[in-house]
Structure formats: C-alpha cells, structure tokens
Amino acid sequence: MKIAVIAVQGAFREHIAALKSLGVEAYEAKWARDLEGADGVIIPGGESTAIGKLMREYDMLEPVRALARAGKPIYGTCAGMIVLAKRIEGEDTVHLGLMDVTVRRNSFGRQRESFEAEIDIPAIGAPPFPAVFIRAPHIVSVGEGVEVLATYEDRIVAVRQGNLLATSFHPELTDDYRLHQYFLNMAQAPVAH
Ligand code: GLN
C-alpha cells in the first residue's frame, strides 16, 4: 500500500514519518503525476490558502478528486480539512470541495492559537487522544452522511464521510498514531460515499 502525502506546503514530513512507523510506504506528492497509483492521500496542516492555490496551479485537485471517486481514502488534517471542505465560512474559493461540511478557519481564538487537549474519539477507542490544535479550524455544520467522530468544547473537530476523513488537529505531531491506523484501515476496506 502506497500513501501519497501532498507536499506543496505544510507539515507533510511528519505524516510520512507517522505512516512509515506503521510499516506503510508513504511518499511526498509534489506534482499531479505523483498521485498516479496512490492507495490513499493525506493533505497536511499548514496554510490552506497556500496549499489550495499550489494544488490548483500544479493541477493536483482533479487527480485527488478522481482518487476519492474511486473510493481511495483521503485524510485532511487542519489546513487539509479546509482544503477538503465543500464550504469555507466567509470565503468564495473552495479547494477540493469534497466533504459535505462547512468549516470556520482559525476558530479557537487568538489567546489559544496553539494548545493540546485530550479528546474522546470512540471510533479509535480508549484512552483519549492527545490532540494538538494550531490555529485550528472547526466544523460548524455537516451534511447528511457525515459522521461526527469527535467534539471538543461542543465544536466538531473530527469527521468521516465514507472514504473521507478530516480532523481539526494534528495527529502527526504526537506519537499516537491511532488515527493514521484508522485511516489505513479505511484504505484496506474502502467505502463508497
Ligand atoms: N489556520 C490555518 C488555515 O486556515 C490552518 C492551520 C494549521 O493547519 N495548523 O489554513
């Protein structure tokens, strides 16, 4: 199994390290052709406007959409979640526009630009997950078919829609790789959406 990590901007190296430590082949996808034959895609945290713009310029949006249509799992963390969303509050430009959610950027306030919180994610079981939030977005509304996997202070911070997964926080910045494992399990048993 080969997982492409979008490597145009942001924290892609940490995702590659996480996947490799789980024994999976993971590589940097910098160009559209790098997406050919991928069994799954991760869109990292960083700056969603930059990631979206570069993916558009490098013609990477449509190949990722095609992989999603083929049932391959796609996981967006933080900025990656914004890139996946169908709606971004206050903005007209959407990027991949795949996931039926509305996201609000930088939604935890200035005083809390970056923090760690233990959150319950029943889909991966106990113990609580050490979630690292950095200028994080949250999900303000979800469409039908979107499963809420976790909330933090009444805000939705982790969701799944068929083969699409998104979290407001950065699991690649901890050494708890249960969400990466959850994503890999989606790759082994793809679900249509
Ligand atoms: N604030 C960033 C954005 O809106 C996301 C931050 C992150 O990925 N850590 O794109």
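Residues numbered from 1 in each chain as written. Predicted model: local features only at pLDDT ≥ 70, side-chain atom pairs only at ≥ 80, totals over all residues. Heavy atoms only, no water.

Under an unreviewed UniProt entry, the chain has the name Pyridoxal 5'-phosphate synthase subunit PdxT and belongs to Alicyclobacillus acidocaldarius subsp. acidocaldarius. Taken verbatim from the UniProt record of the chain, the Subunit (unreviewed entry) comment is "In the presence of PdxS, forms a dodecamer of heterodimers. Only shows activity in the heterodimer." Reading the Sequence similarities (unreviewed entry) entry of the UniProt record for the chain gives the comment "Belongs to the glutaminase PdxT/SNO family." (UniProt positions renumbered as here; feature names shortened; annotations may be inferred.)

*Asks:* How would you summarise the site of the ligand if you had to cite specific residues and measurements?
*Replies:* Taken together, Gly45, Gly46, Glu47, Ser48, Cys78, Ala79, Ile82, Arg105, Asn106, Ile134, Arg135 and His170 make up all the residues around the ligand. Within the backbone of Gly46, one N or O atom sits 2.9 Å away from an oxygen atom of the ligand. In this structure, a nitrogen atom belonging to the ligand sits 3.0 Å away from a main-chain N or O atom of Arg135. Taken by itself the ligand offers 300 Å² of open surface, and the protein chains cover 97% of this. Of the residues that constitute the shell around the ligand, the class distribution is four nonpolar, five polar and three charged. (Near = heavy atom within 4 Å. Polar contact = N/O pair within 3.5 Å; in protein donor to acceptor, adjacent residues only side chain to side chain. Areas by Shrake-Rupley, 256 points an atom, 1.4 Å probe, with all protein chains shown as cover. Nonpolar A, V, L, I, M, F, W, Y, C, P; charged D, E, K, R; others polar.)

*Asks:* How would you sum up the UniProt feature "binding site: L-glutamine" (unreviewed entry) in the chain? Please name residues and give values.
*Replies:* Sequence positions flagged by UniProt for "binding site: L-glutamine" (unreviewed entry) are, in local numbering, Gly46, Glu47, Ser48, Arg105, Ile134 and Arg135. In terms of the greatest pairwise C-alpha distance, the residues named above, spread along 90 residues, form a tight cluster of at most 12.7 Å across. Examined against the element boundaries, Glu47 turns out to sit in the loop between β3 (40-43) and α2 (48-57). Assessed through its relative accessible area of 33%, Glu47 is described here as partly exposed. Here Glu47 is in contact with Gln9, Ala79 and Arg105, once residues within four sequence places are set aside. With respect to the helices, strands and loops of the structure, Ile134 is situated in strand β8 (residues 129-134). (Helix = DSSP H or I, 4+ residues; strand = E, 2+ residues; numbered from the N terminus. Buried < 20%, exposed > 50% of the residue type's maximum accessible area, 1.4 Å probe, protein only. Contact = heavy atoms within 4.5 Å.)

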